[in-house]
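Coordinate analysis (summary)
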Amino acid sequence: MASAENYAVLVCGSNEYYNYRHHADIAHAYQLLTRGGVKAENIITMMYDDVANSPMNPYPGKLFNKPAATLDAANEVYAVVKDHIDYKGNDVTPANFLAVLTGDSKAANGKKVLQTGPEDTVFVNFADHGGPGIIGFPASSGFLYEKDLTKALDTMYEKKMY
């Protein structure tokens, strides 16, 4: 019997600098998970990745998730995640998110998806806007609807993915 593992799916469902907080929150989640012992290879990260290097960012190549009195005291979170973003730009879509959750590598064009079993724990963190029955993705990708997310979670259950 294989030993249980911890897995995570981290999704920043927005883009552009005015959604800075979503990118910083997902980068911070990655930082906390890896510091807490979750293996980097067990984390799937989806982030448009256009904020840290945005011309509007006063600290190019950096993201901070909370204010601090000095820059040295601030928690810079981008450095730890920037080389571990599995889905970037136009690959951050509802379809790819559902493929990741259900372990459908074909639907994800061979990209990383969950390959988990019944003893594993799966943590999902989604940072973005939403509303009743929907969660948002970058503008060109549209929305993920409640019925589709519920179906994916049901598929995960049926496949004993957690």
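The notes below deal with the structure included here.

Conventions used here
Residues numbered from 1 in each chain as written. Predicted model: local features only at pLDDT ≥ 70, side-chain atom pairs only at ≥ 80, totals over all residues. Heavy atoms only, no water. Helix = DSSP H or I, 4+ residues; strand = E, 2+ residues; numbered from the N terminus. Rg over C-alpha atoms; globule rule 2.2 N^0.38 Å. Buried < 20%, exposed > 50% of the residue type's maximum accessible area, 1.4 Å probe, protein only. Contact = heavy atoms within 4.5 Å. Lys, Arg positive; Asp, Glu negative; His and termini not counted. Charge placed at Lys NZ, Arg CZ, Asp CG, Glu CD. Pairing = 2+ DSSP bridges. Core = buried A, V, L, I, M, F, W, Y, C linked by side-chain atoms within 4.5 Å.

1. Topic: the overall build of the protein
- Of regular secondary structure, the protein possesses four helices and six strands.
- The C-alpha radius of gyration of the protein comes to 16 Å, within 12% of the 15 Å expected for a compact globule of 162 residues.
- In terms of its C-alpha atoms, the protein occupies a principal-axis envelope of roughly 50 × 35 × 30 Å.
- Split into buried and exposed, the 162 residues of the protein put 42% on the buried side.
- Here the contacts in the protein between residues at least 6 apart in sequence split such that 68% fall between residues at least 24 apart.
- Of the charged side chains in the protein, 14 are positive and 19 negative; the average position of the first set lies 2 Å away from that of the second.

2. Let's talk about the pairing of strand β2 (residues 43–46)
- Side-chain alternation along β2 places Ile-43 and Thr-45 on one buried face and Ile-44 and Met-46 on a second face that is also buried.
- Judged from the four bridges that link them, strand β1 (residues 6–12) and β2 form a sheet pairing that is parallel. Note on β2: the bridge partner recorded for Val-11 is Met-46.

3. Section: the nonpolar core
- If you look at the biggest cluster of nonpolar residues, it comprises 23 residues, and the most contacted ones within it are Leu-10, Ile-43 and Leu-63.
- The set of elements that each furnish at least two residues to this core consists of β1, α1 (20–35) and α2 (78–81).
- At seven residues, the largest contribution of residues to this core is made by α1.
- Those residues within four positions of Leu-63 in sequence are excluded, and the remaining contacts are Tyr-20, His-23, Ala-24, Ala-27, Val-51, Ala-52, Asn-75, Glu-76, Val-77 and Tyr-78.
- Counting residues in hydrophobic clusters, the runner-up holds 21 residues, among them Val-11, Leu-144, Ala-152 and Met-161.

4. Brief notes about the sheet that holds strand β5 (residues 134–136)
- Reading across the sheet, the three strands line up as β4-β5-β6 and stay open at both edges, with antiparallel pairing between neighbours. This sheet does not close on itself; its edge strands, each paired only once, are β4 (130–131) and β6 (143–145).
- Bridge count between β4 and β5: two bridges; the pairing is antiparallel. Residue pairing in the sheet places Gly-131 in a bridge with Ile-134 of β5.

5. Remarks on the environment of Lys-62
- For Lys-62, the location among the structural elements is in the loop between β2 and α2.
- In this structure Lys-62 comes out as partly exposed when scored by relative accessible area, which is 38%.
- Taking C-alpha positions, Lys-62 is 9.9 Å from Asn-75, a pair spaced 13 residues apart along the chain.
- Excluding residues within four positions of it along the chain, Lys-62 makes contact with Tyr-20, Ala-52, Asn-57, Glu-76 and Tyr-78.

6. Focus: the side chain of Thr-45
- Secondary-structure assignment places Thr-45 in strand β2.
- Excluding anything up to four places from it in sequence, Thr-45 contacts Leu-10, Ile-26, Tyr-30, Val-81, His-84, Ile-85, Asp-86 and Tyr-87.

7. What to know about the environment of Ala-127
- Locating Ala-127 in the fold gives a position in strand β3 (residues 121–127).
- Discounting chain neighbours no more than four positions away, the residues touching Ala-127 are Val-11, Cys-12, Gly-13, His-22, Asp-25 and Ile-26.

Honestly, it's all geometry; don't read function into it.
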